[in-house]
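If you want the building blocks of each chain, they are given just below.
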Amino acid sequence: MSPLSDSAAPVRVRIAPSPTGDPHVGTAYIGLINYLYARQRNGQFVLRIEDTDRTRFVPTSEAMIFDSLRWLGLNWDEGPDVGGPYGPYRQSERTEIYREHAKQLLASGHAYRCFCTAEKLEADRRQQIAAKLPPRYPGTCRALTAEQVQAHLAAGDPGVVRMCVPLEGSTTFTDELRGAITFDHHNVDDQVLLKSDGYPTYHLANVVDDHLMRITDVIRAEEWISSTPKHVLLYQFFGWELPRFWHMPLLRNQDKSKISKRKNPVSLIYYREAGYLPQAVINFLGLLGGGMPADFNHGTEKFTLDEMAQHFRHENIRTGGPVFDLTKLKWLNGEYLRALSLDDFYAALRGTILSDSYLRPIAALIQTRIELLSQFGDLTGFLLNDNTHPPESVYLPKNRTREETLAFAAEQIIALEAADWQPASIESALKRLGEDKQWSVKENFMLVRAILTGSTMSPPLVESMILFGKARSIDRLRRFLETEKKRPAPKA
RNA sequence: GGCGCUAUCGUCUAGGGGUUAGGACGUGAGAUUCUCAAUCUUAAAACACGGGUUCGAUUCCCGUUAGCGCUACCA
């Protein structure tokens, strides 16, 4: 029986990334699983942008998400940029819909307005934690009379809308990979649905949109399991049919914690700029979780997106969280590189590290610094090589210990992560840190220079960092630290 | 702390009541090569622990432990 033969009911799935920064490798992973599911059942794959958090919103993020997912070949059938019958596909353009639905819940008694201040909530929480109780909203505003609510509203206090979770009973739902999961209602908080700024929280927007967009299968990361009872309750409050839930394992760092940028490159931008091929990345992602039959093509671990769409078995996905092993990804990438024709290989080079758009700005940087064209590589090697690890004699400032230097470098990474990749912000981020920690501008910048270029002599640092890119720069700093930490301190 | 999820080599995984527990990455050794890769051969390396059920459990059940996640007017 072919995997495609049981594809009776048309399905609709979605991924719903938040534009809060660089596109995340976890988004690509969940995107892949969703994409394959839709492809196998002749369904639709929807891309929805969940931009309801104004405080974390990053304007450039959405375009990067589009580019990265397309780079990987995960094309969507409906989305903000391609349209579709259930739009708009950007949640910030749907606020009126959420408000109406919140009103509906308010009217049916499944939600209530809450005017508790942040301070009160914080105090409640602290008390509960001190008393070793689970921190939960105590339900203070459930008892508000219509008059009290009116008074708050009249005074210009919009408050928030909370869902009214039943005090008794429990909610059980089926996870397609794990079976029945039950939560007692006293462990489910009265979640805020509508924030005081008028935007919905994830929980409301997600459920409303999934229903309105006719999503049949919610395939998302494991971290959502604990909030699924809230979502199930919302579907019930509205009287809507439940989708199927598939909770995928979380990608992990080497130490098994949820994958994070502190410990791994998680930006898809990084993988592209560092020279990974999309087919290698997508293949690797498909390996995690084990949805491909072990006997596929004589047990090979190499397969294409189309082959996955043909043979992947969602119900075979393992539920243990896989460690994201860059070593294996690199091996796979090498396999794909070697399999390219020379023409394709050269074209790949010309499209990335040897592209005009990369090389020309580098030329601008060194024109005044060389006397012979043949010296081009002398000053620019660090922009073309991957391994620039400097020896201690290069990176360690006079009068600084190795420990304090490495600790400071760690701070530099954090400061740079928070910076826009513009010359002014890089400079001010580093300078601010230097002032805080009593590092002179010279020591400070020289350390970054040493780590990034492997030398104390280089083209202008900040400009070089811009050319090299944020993702790769930070990755290089992080790899330097990791290697240094593993290296035993040299005996004096 | 509470709730939930998870548990096969270092890592990704296959398997399943009786197996020499298989493959891949990585690691070691060897071959090949002017070098380095690639390639080939080869080696070491795992069923978390304790109870059941059973003639027999790594596999099924329960517990423990550990890891992870959630516990926000973030997603």
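Conventions we followed
- Residues numbered from 1 in each chain as written.
- Chains lettered and ligands numbered in written order.
- Predicted model: local features only at pLDDT ≥ 70, side-chain atom pairs only at ≥ 80, totals over all residues.
- Heavy atoms only, no water.
- Helix = DSSP H or I, 4+ residues; strand = E, 2+ residues; numbered from the N terminus.
- Expected span 1.5 Å × (residues − 1).
- Buried < 20%, exposed > 50% of the residue type's maximum accessible area, 1.4 Å probe, protein only.
- Polar contact = N/O pair within 3.5 Å; in protein donor to acceptor, adjacent residues only side chain to side chain.
- Contact = heavy atoms within 4.5 Å.
- Phe/Tyr/Trp six-rings, centres within 6.5 Å; stacked < 30°, edge-to-face > 60°.
- Lys NZ or Arg CZ within 6 Å of the ring centre and 35° of its normal.
- 1 Å grid on protein atoms, 1.4 Å probe; cavity = no way out; pocket = protein on both sides within 12 Å on 5 of 7 lines; lining within 4 Å.
- Points joined across faces, edges and corners; volume = space filled by probe spheres on them.
- Nonpolar A, V, L, I, M, F, W, Y, C, P; charged D, E, K, R; others polar.
- Near = heavy atom within 4 Å.
- Salt bridge = Lys/Arg side-chain N within 4 Å of Asp/Glu carboxyl O.
- Core = buried A, V, L, I, M, F, W, Y, C linked by side-chain atoms within 4.5 Å.
- Axes fitted to C-alpha atoms, helices over the stretch in contact; angles between N-to-C directions.
- Parallel < 35°, antiparallel > 145°, perpendicular 65-115°, else oblique.
- pLDDT = per-residue confidence, 0-100.

Undergrad: Lay out helix α1 (residues 25–40) in plain terms, naming residues and giving numbers.
TA: For α1, built from 16 residues, the straight-helix expectation of 22 Å at 1.5 Å per residue is met to within 8% by its first-to-last C-alpha distance of 23 Å. In the segment just after α1, Asn42 is the residue with positive phi, at about 50°.

Undergrad: Account for the side chain of His185, with residues named and values stated.
TA: Its location among the elements puts His185 in the loop between β6 (179–184) and β7 (192–194). For His185, a relative accessible area of 5% translates into the label buried. At 3.5 Å, the side chain of His185 and the backbone oxygen of Ser170 are in polar contact. Look past the residues within four positions of His185 in its chain and what remains in contact with it is Arg136, Val165, Pro166, Leu167, Glu168, Gly169, Ser170, Thr171 and Leu233.

Undergrad: Before we move on, can you summarise the packing of aromatic side chains with the specific residues and values?
TA: One pass over the structure, following the stated rule, counts 17 aromatic pairs. Between Phe173 and Phe183, the ring centres sit 6.4 Å apart and the planes meet at 5°, which makes this aromatic pair stacked. Of this pair, Phe173 sits in strand β5 (residues 170–175) while Phe183 sits in strand β6, and the two are 10 residues apart along the sequence. In this structure, Phe173 and Phe183 share a single accessibility class: buried. On the basis of an interplanar angle of 65° and a centroid distance of 5.1 Å, the ring pair of Tyr271 and Tyr276 is categorised as edge-to-face. Following the ring pairs from residue to residue traces out a cluster consisting of Tyr270, Tyr271, Tyr276, Phe284 and Phe324. In this arrangement the basic side chain of Arg162 is found over the ring face of Tyr137, its NZ or CZ atom lying 3.7 Å from the centre. The ring centre of Trp439 lies 4.3 Å from the NZ or CZ of Arg400, which sits over that ring.

Undergrad: Explain empty space enclosed by the protein residue by residue, including any values.
TA: As enumerated under the stated definition, the model contains one cavity of 30 Å³ or more in all. Roughly 40 Å³ of internal volume is contained in the largest cavity. Lining the largest cavity we find Tyr270, Asp386, Phe468, Arg472, Asp475, Arg476 and Arg479. Of all the elements, helix α20 (residues 470–486) adds the most residues to the lining of the largest cavity, at four residues. Looking at the lining of the largest cavity residue by residue, the class counts come to two nonpolar, no polar and five charged.

Undergrad: Let's hear about the environment of Phe408: which residues, and what values?
TA: Structurally, Phe408 is set in helix α16 (residues 402–418). Spatially, the C-alpha atoms of Phe408 and Leu433 are 9.0 Å apart, while their sequence positions differ by 25 residues. Each residue touching Phe408, except ones within four places of it in the same chain, is listed here: Leu433, Gly434, Lys437, Trp439, Asn444 and Leu447.

Undergrad: Just give me the short version of the protein's contact with RNA strand B, but keep the residues and values in it.
TA: Near RNA strand B there are 51 residues, and of these Asp53, Arg178, Lys195, Gly289 and Glu301 occur at the shortest range. Residue Glu335 places a side-chain N or O atom 3.5 Å away from a phosphate oxygen belonging to RNA strand B. Elements supplying a minimum of two residues to the surface near RNA strand B: β4 (160–163), β6 and α11 (326–339). Per-element accounting of the surface near RNA strand B gives the leading share, five residues, to α11. A class-by-class count of the residues in the surface near RNA strand B yields 18 nonpolar, 14 polar and 19 charged.

Undergrad: Which residues make up the pattern of salt bridges, and what are the values?
TA: Under the defined criterion, the tally for this structure stands at 38 salt bridges. In this structure, Glu50 engages Arg48 in a salt bridge whose closest nitrogen and oxygen atoms are separated by 2.9 Å. Like Arg48, Glu50 is buried. We note a salt bridge from Glu62 to Arg90, for which the minimum N-O separation is 2.7 Å. Separated by 28 residues along the polypeptide, Glu62 in helix α2 (residues 61–71) and Arg90 in the loop between α2 and α3 (95–108) bring together distant segments of the chain. What you see here is one network of salt bridges that share partners, running through Arg14, Arg48, Glu50, Arg94, Asp209 and Asp210.

Undergrad: Before we move on, can you summarise the nonpolar core with the specific residues and values?
TA: Of all hydrophobic cores here, the largest spans 57 residues; its most connected members are Tyr271, Leu285 and Phe324. Per-element tally for this core: the top contributor is α1, with 10 residues. What Leu285 contacts, discounting residues up to four positions off in sequence, is Val25, Ala28, Tyr29, Leu32 and Phe324.

Undergrad: Can you lay out the environment of Gly289 for me, pointing to particular residues and giving the numbers?
TA: As for its position among the elements, Gly289 is in the loop between α9 (278–287) and α10 (305–311). Residues Gly289 and Glu78, spaced 211 residues apart in sequence, show a C-alpha to C-alpha distance of 27 Å. Among residues more than four places away in sequence, those in contact with Gly289 are Tyr29, Asn316, Ile317, Arg318 and Pro322.

Undergrad: Give me the lowdown on helix α6 (residues 202–212), citing residues and values where you can.
TA: Extensive coverage of α6 is indicated by the burial of nine of its 11 residues. Within α6 the residues assigned to the buried category are Tyr202, His203, Leu204, Ala205, Asn206, Val207, Val208, Asp209 and Asp210. Positive phi appears at Arg214, one or two residues downstream of α6, with a value of about 60°.

Undergrad: Summarise the packing of α3 against α6; cite the residues concerned and give the values.
TA: Running from amino to carboxyl end, α3 crosses α6 at an angle of 100°, the nearest separation of the two axes being 10 Å. The pairing of α3 with α6 is recorded here as roughly perpendicular in orientation. Judged by residue contacts, Ile97, Tyr98, His101 and Ala102 of α3 engage Leu204, Ala205, Val208, Asp209 and Leu212 from α6. The class makeup of the residues in the contact of α3 with α6 is seven nonpolar, one polar and one charged.

Undergrad: Now, about the layout of surface pockets: what can you tell me, with residues and values included?
TA: Approximately 610 Å³ is the volume found for the second largest pocket. Lining the second largest pocket are 27 residues; nearest its centre among them are Arg262, Lys263, Asn264, Arg478 and Glu482. Taken together, the elements giving at least two residues each to the lining of the second largest pocket come down to α11, α16 and α20. Of the residues that constitute the lining of the second largest pocket, the class distribution is 10 nonpolar, four polar and 13 charged.

Undergrad: Help me get a handle on the confidence of the model for chain A, residues and values and all.
TA: For chain A, per-residue confidence averages 93 on the pLDDT scale, and 97% of positions sit at 70 or higher. Predicted confidence for residues 1–7 stays below pLDDT 50, and this span has nine contacts to residues more than four positions away or in other chains. For this predicted complex, the interface score ipTM comes out at 0.94, alongside a pTM of 0.93.

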